[in-house]
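Examination of the molecular architecture
Each chain, letter by letter, is given below.
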Amino acid sequence: MAESSEIGPHLTQQWLTEIQTLKQQLIEQQQERDAAWESAEKWRKLYNTEAEQRRTDTDFFRQTIASLKAEIQQLKGIDGQTLPDATTSVGVQQELAQIRTVEDLKAKLVEVIKERDRLRQALKTEQENHAQTRKSLTTALGDAIDSLAKERGRGGE
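Residues numbered from 1 in each chain as written. Predicted model: local features only at pLDDT ≥ 70, side-chain atom pairs only at ≥ 80, totals over all residues. Heavy atoms only, no water.

Another point: the packing of aromatic side chains. Taken as a whole and assessed by the stated rule, the structure comprises one aromatic pair. Relative to Phe61, the ring of Phe60 has its centre 5.8 Å away and its plane inclined at 55°; by these criteria the two rings are tilted. Note on Phe61: relative accessible area 12%, which makes it buried. The aromatic ring of Trp43 is capped on one face by Lys42, whose charged end is 5.5 Å from the ring centroid. (Phe/Tyr/Trp six-rings, centres within 6.5 Å; stacked < 30°, edge-to-face > 60°. Buried < 20%, exposed > 50% of the residue type's maximum accessible area, 1.4 Å probe, protein only. Lys NZ or Arg CZ within 6 Å of the ring centre and 35° of its normal.)

Next comes the structure, spelled out in structure tokens:
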């Protein structure tokens with residue numbers, strides 16, 4: 001029986017040591033869990049802030065695109081529109097009254113052709129600028145969506 005009393009205290013000490021080790025591991029695991037929770041909360045807040053910014057940007061881009069589309073429609077509609085008849089008739093009549101010779105008519109025609117060419121160039125430039133703006137906005141919107149998708153992908157890890 002002496003042997004069992006010697007083994008008993010040794011086993012008891014071993015169990016106490018094992019219990020102490022398990023308690024320490026439990027404390028460490030709880031600390032790691034708390035740190036992970038804090039990190040997750042931080043990332044959630046960052047994600048929500050970024051998502052809100054992306055929603056704001058998307059709304060802004062949608063409004064800008066709608067505005068540009070309306071402007072394009074307005075510019076396209078200018079060809080089909082005419083000035084009010086009274087204004088047109090009076091202006092045309094005054095200009096025609098000033099033309100006395102074929103040379104005057106030729107000079108007026110050259111002036112009108114130059115103005116037409118200038119307006120065509122201005123319209124072409126405006127259309128190119130619009131296309132570039134649309135491309136830039138589309139690219140920015142695509143980048144924003146890609147960035148949001150990446151953030152969502154990181155948030156899920």
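Okay, back to it.
What follows deals with the confidence of the model for the protein. Low-pLDDT portions of the prediction should not be read for the details of their coordinates. Chain-level statistics for the protein give a pLDDT mean of 84 and a share of 87% at 70 or above. Mean pLDDT in the protein bottoms out at helix 2 (residues 85–98), which sits at 73, and peaks at helix 3 (residues 102–155), which reaches 88. (pLDDT = per-residue confidence, 0-100. Helix = DSSP H or I, 4+ residues; strand = E, 2+ residues; numbered from the N terminus.)

All right, on to the pattern of salt bridges then. What the rule picks out here adds up to 10 salt bridges. We note a salt bridge from Arg54 to Glu50, for which the minimum N-O separation is 2.5 Å. With a gap of four residues between them, Arg54 and Glu50 both fall in helix 1 (residues 2–78), about one helical turn apart. Ionic pairing is found between Asp57 and Arg54, a salt bridge with its closest N-O pair at 3.4 Å. Of the two residues, Asp57 and Arg54 both sit in helix 1, three residues apart, roughly one turn of that helix. Via salt bridges that share partners, Glu50, Arg54 and Asp57 belong to a single interconnected network. (Salt bridge = Lys/Arg side-chain N within 4 Å of Asp/Glu carboxyl O.)

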